[in-house]
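# Results of the structural survey
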Amino acid sequence: MNENRGNWYLLTAMFLGLAVGLVYAYLVAPVRYIDTAPYSLNPKAKDVYRLLIAQAYEASGNLDRARQRLALLGDPDPAQALSLQAQRVIADGGAGADVRSLGLLSAALLAPVPPARQQPGSVMQSSPVPLTVTSTVSSRQPAPTVDPAKAVQTATVAPSKTPLPSPTITLTPTMSPVPSFTLRPTFTSVAGNTTFILKDKEARKICDPGVNEGLIQVQVNGVNGKPLAGVRIVVSWKEGEDTFYTGFIPEINPGYGDYVMEAGKVYSIRVGENSDIASNLAPHVCSTATGKTYQGGYRLEYYQKAP
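We now turn to the structure provided with this report. Note that the coordinates shown come from a computational prediction; the quantities given were computed from them, not determined experimentally.

## Some words on the packing of helix H2 (residues 43–60) against helix H5 (residues 96–110)
- In contact at an axis separation of 8 Å, H2 and H5 are set at 75 degrees when each is read in the N-to-C sense. When the axes of H2 and H5 are compared, the pair comes out roughly perpendicular. Residue-level inspection shows Arg 50, Leu 51, Ile 53, Ala 54, Gln 55, Tyr 57 and Glu 58 of H2 in contact with H5, the latter providing Asp 98, Arg 100, Ser 101, Leu 102, Leu 104, Leu 105 and Ala 108.
- Class assignment of the residues belonging to the contact of H2 with H5 gives a composition of eight nonpolar, two polar and four charged.

This is the structure:
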């Protein structure tokens, strides 16, 4: 007796084969990626790769090599990616040394390179080597005088010849050492259009001898109240302006930055692109218990406005 089972056994075999194939592909012999490009890494692996590049730059100072390595990640703005990673490290309670490494490389990427200065790791150039040539040549000795009357009895004496010595060449190389210099890291705005609010709407005067004499101390915190690194701070006065950043003194805290005031100048402070402006900051006089005077400083606390 024949049973009419139809084509269901074909569908069952297909699903069974698919299940066996998936088990083999994912459990028995999964795909292993070897020598893949850095841009194909997942975000966490990219953070590890980026941190290693920053640590290598901090140790060697080779900025060109760091640029080449960062280009392999395919980040649209490598400096911004480094700064954002530094902020993530701070938010996760990571090591201050990692924040410093990321911040230094981000700053160096956006710093202008003076054309007359050499980058770290370049080969020392030498000036052309002058050649001092000293040639010593002795003249020939004159032939002796022969009496014609005795020419038959006395043979003619041939003049003696002294072989000419080779010129003596003295090489005096002169090396031109590469002048040493310190490149101050600067970079453009990290916070973008984020708004920062000055706490209590004023700067607080501080008198603390030996600690904050003549300093404008700025503390910047994020929306969550945690210190915010990589924030650009603009300090201006009548004749010009300068910039400094939070996060370069992680031993104090990642959201801290300071600026040294000069006597006779009145300063204003702006955090990021949009913030409350603290103005009329001039060195003020403080005195100790013994009557000794010194320059006092200011303390400003900014917090990030919630979007």
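## Observations regarding the nonpolar core
- If you look at the biggest cluster of nonpolar residues, it comprises 21 residues, and the most contacted ones within it are Val 218, Ile 269, Leu 300 and Tyr 302.
- Taken together, the elements giving at least two residues each to this core come down to strand E3 (195–198), strand E5 (215–221), strand E6 (232–237), strand E9 (267–271), strand E11 (278–281) and strand E14 (297–304).
- With residues near it in sequence (within four places) discarded, Leu 300 still touches Leu 198, Ala 203, Ile 216, Gln 217, Val 218, Gln 219, Ile 269, Ala 278 and Leu 281.
- Membership of the second largest hydrophobic core comes to 19 residues, among which are Ala 54, Ala 79, Leu 105 and Ala 108.

## Notes on the side chain of Asp 75
- Relative to the helices and strands, Asp 75 resides in the loop between helix H3 (63–71) and helix H4 (78–91).
- The class of Asp 75 is buried, set by a relative accessible area of 18%.
- Apart from residues no more than four positions distant in its own chain, Asp 75 is found in contact with Arg 50 and Ala 81.

## Some points on the sheet that holds strand E7 (residues 240–245)
- Read across the open sheet, the four strands follow the order E7-E6-E9-E11; overall the sheet is antiparallel. The open sheet has two edge strands with one neighbour each: E7 and E11. Strand-to-strand, the axes of this sheet are offset by a mean angle of 20 degrees, without reference to chain direction.
- Note: E6 against E7, six bridges, orientation antiparallel. Counted as the bridge partner of Val 235 is Asp 242 from E7.

## What about empty space enclosed by the protein?
- Counted under the stated rule, the structure contains one cavity of 30 Å³ or more.
- Here the largest cavity defines a volume of roughly 80 Å³.
- Only H4 and H5 provide two or more residues apiece to the lining of the largest cavity.
- With four residues, the single largest contributor to the lining of the largest cavity is H5.

## Considering the state of the cysteines
- Scanning the model with the defined rule gives one disulfide in all.
- A sulfur-sulfur separation of 1.9 Å characterises the disulfide bridge that pairs Cys 207 with Cys 286. Note on the Cys 207 and Cys 286 pair: the S-S dihedral is about -65 degrees, so by sign convention the disulfide is left-handed. Here Cys 286 lies in strand E12 (residues 285–287) and Cys 207 lies in the loop between strand E4 (204–206) and E5, a separation of 79 residues in the sequence.
- Judged by relative accessible area, Cys 286 falls into the buried class, the value being 3%.

Conventions we followed
Residues numbered from 1 in each chain as written. Predicted model: local features only at pLDDT ≥ 70, side-chain atom pairs only at ≥ 80, totals over all residues. Heavy atoms only, no water. Axes fitted to C-alpha atoms, helices over the stretch in contact; angles between N-to-C directions. Helix = DSSP H or I, 4+ residues; strand = E, 2+ residues; numbered from the N terminus. Parallel < 35°, antiparallel > 145°, perpendicular 65-115°, else oblique. Contact = heavy atoms within 4.5 Å. Nonpolar A, V, L, I, M, F, W, Y, C, P; charged D, E, K, R; others polar. Core = buried A, V, L, I, M, F, W, Y, C linked by side-chain atoms within 4.5 Å. Buried < 20%, exposed > 50% of the residue type's maximum accessible area, 1.4 Å probe, protein only. Pairing = 2+ DSSP bridges. 1 Å grid on protein atoms, 1.4 Å probe; cavity = no way out; pocket = protein on both sides within 12 Å on 5 of 7 lines; lining within 4 Å. Points joined across faces, edges and corners; volume = space filled by probe spheres on them. Disulfide = S-S within 2.5 Å.

Fair warning: the whole summary comes from geometry, so function is off the table for now.
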